[in-house]
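Structural overview for review
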Amino acid sequence: EKLEAIDGLKNLYFVNGTITISDNPELKDISGLLNLKVFKGSLSISGNASLGENLPCASHDQGFCVLKYLMESGVVDGTILLSNNAPGSVNDPALIGQTPGSDIISYTLASASDIENFNPLSDTVQDLRISGSGITDQLLGSLSSKIVWAKGTVTIENTNISNTEGFFDRVY
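One structure accompanies this document, and this report is about it. Keep in mind it's a predicted model, so treat the numbers as computed, not measured. (Residues numbered from 1 in each chain as written. Predicted model: local features only at pLDDT ≥ 70, side-chain atom pairs only at ≥ 80, totals over all residues. Heavy atoms only, no water.)

Looking only at helices and strands, one finds 3 helices and 8 strands in the protein. Scanning the protein from its N terminus toward the C terminus, one meets helices and strands in the order β-β-α-β-β-α-β-β-α-β-β. In terms of its C-alpha atoms, the protein occupies a principal-axis envelope of roughly 60 × 35 × 20 Å. Per-residue burial over the protein gives 38% buried out of 172 residues. (Helix = DSSP H or I, 4+ residues; strand = E, 2+ residues; numbered from the N terminus. Buried < 20%, exposed > 50% of the residue type's maximum accessible area, 1.4 Å probe, protein only.)

Shown next, in the form of structure tokens:
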């Protein structure tokens, strides 16, 4: 019988090691990994011809959007290797959910340098994640001269920002 979904892992919360998912031509669903709370190690997904078509992530339980959710939630502390999956799938986990040719993409700014050197493809972003202890009110304010719209979620965490005035009154 061919594996179509990775499920039945509702009690798998912690992994310290390697997970390899390979050569399952009918596999379409890896949402069984969503119960993970901590993943330290290496996750390799390759040779799964039906998994990972790169579409915008409408929900976190479809295709590689599962991985994007786990990465953005801070569950993954390690490497994710993707190769030879569905036609049009990404090999770079940072590109999951971003459609080719689109100027509206998500960004993660994790340091003062990231903000200072930030040069978005357009004045509209999808999701924006801002984190890093070197990020201050002034740096956050400087972002508002580079973006006008955030279509998705703006997350600000683990920064030295005390006031968002000058940002949210200019970025919609």
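Once you've had a look at it, read on.
The strand order across the open sheet formed by 3 strands is S1-S2-S3, and the pairing between neighbours is parallel. Sheet topology places strand S1 (14-22) and strand S3 (76-83) at the edges, where each strand pairs with a single neighbour. For this sheet, the mean inter-axis angle between neighbouring strands, taken without regard to orientation, is 5 degrees. As paired elements, S1 and strand S2 (residues 38-46) share 9 bridges and run parallel to each other. Across the sheet, valine 15 pairs through a bridge with phenylalanine 39, a residue of S2. Sheet contacts for helix H1 (residues 65-72): S2 and S3; angle to S3, the most-contacted strand, approximately 155 degrees. (Pairing = 2+ DSSP bridges. Axes fitted to C-alpha atoms, helices over the stretch in contact; angles between N-to-C directions. Contact = heavy atoms within 4.5 Å.)

Inspection of the secondary structure assignment puts asparagine 54 in the loop between S2 and H1. There is a polar contact of 2.9 Å between the side chain of asparagine 54 and the backbone nitrogen of glycine 97. (Polar contact = N/O pair within 3.5 Å; in protein donor to acceptor, adjacent residues only side chain to side chain.)

Cys65, Val66, Leu67, Lys68 and Leu70 are the residues of H1 that are buried. Among the structural elements, S2 and S3 are those in contact with the buried residues of H1. Note on H1: the residue one or two positions beyond its end, glycine 74, has a positive phi of about 80 degrees.

This brings us to the side chain of serine 131. Following the sequence through the fold, serine 131 ends up in strand S6 (residues 128-131). Judged by its relative accessible area of 15%, serine 131 is buried. Dropping the residues within four chain positions of it, serine 131 is found in contact with Leu109, Ala110, Ser111, Glu157, Asn158 and Thr159.

A contiguous nonpolar patch, built from Val148, Trp149 and Tyr172 and spanning about 320 Å² of accessible area, is present on the exposed surface. Its location among the elements puts tryptophan 149 in strand S7 (residues 149-150). (Patch = residues over 30% accessible without salt bridge, like charges linked within 9 Å, V, L, I, M, F, W, Y side chains within 5 Å. Areas by Shrake-Rupley, 256 points an atom, 1.4 Å probe, with all protein chains shown as cover. Salt bridge = Lys/Arg side-chain N within 4 Å of Asp/Glu carboxyl O.)

So, about the nonpolar core. Ile21, Ile30, Leu43, Ile45, Phe64, Leu67 and Leu82 are the most contacted members of the largest nonpolar core, which has 22 residues in total. At the level of secondary structure, the elements contributing two or more residues to this core comprise S1, S2, H1 and S3. The next biggest cluster of nonpolar side chains, apart from the first, holds 18 residues, and it includes Ala112, Ile147, Phe167 and Val171. (Core = buried A, V, L, I, M, F, W, Y, C linked by side-chain atoms within 4.5 Å.)

Next up on the list: the pattern of salt bridges. Here the structure, examined in full by the defined rule, presents 1 salt bridge. A salt bridge links arginine 129 to glutamate 157; its shortest N-O distance comes to 2.6 Å. In this pair, arginine 129 sits in strand S6 while glutamate 157 sits in strand S8 (residues 154-157), placing the two residues 28 residues apart along the sequence. With a relative accessible area of 17%, arginine 129 lands in the buried category.

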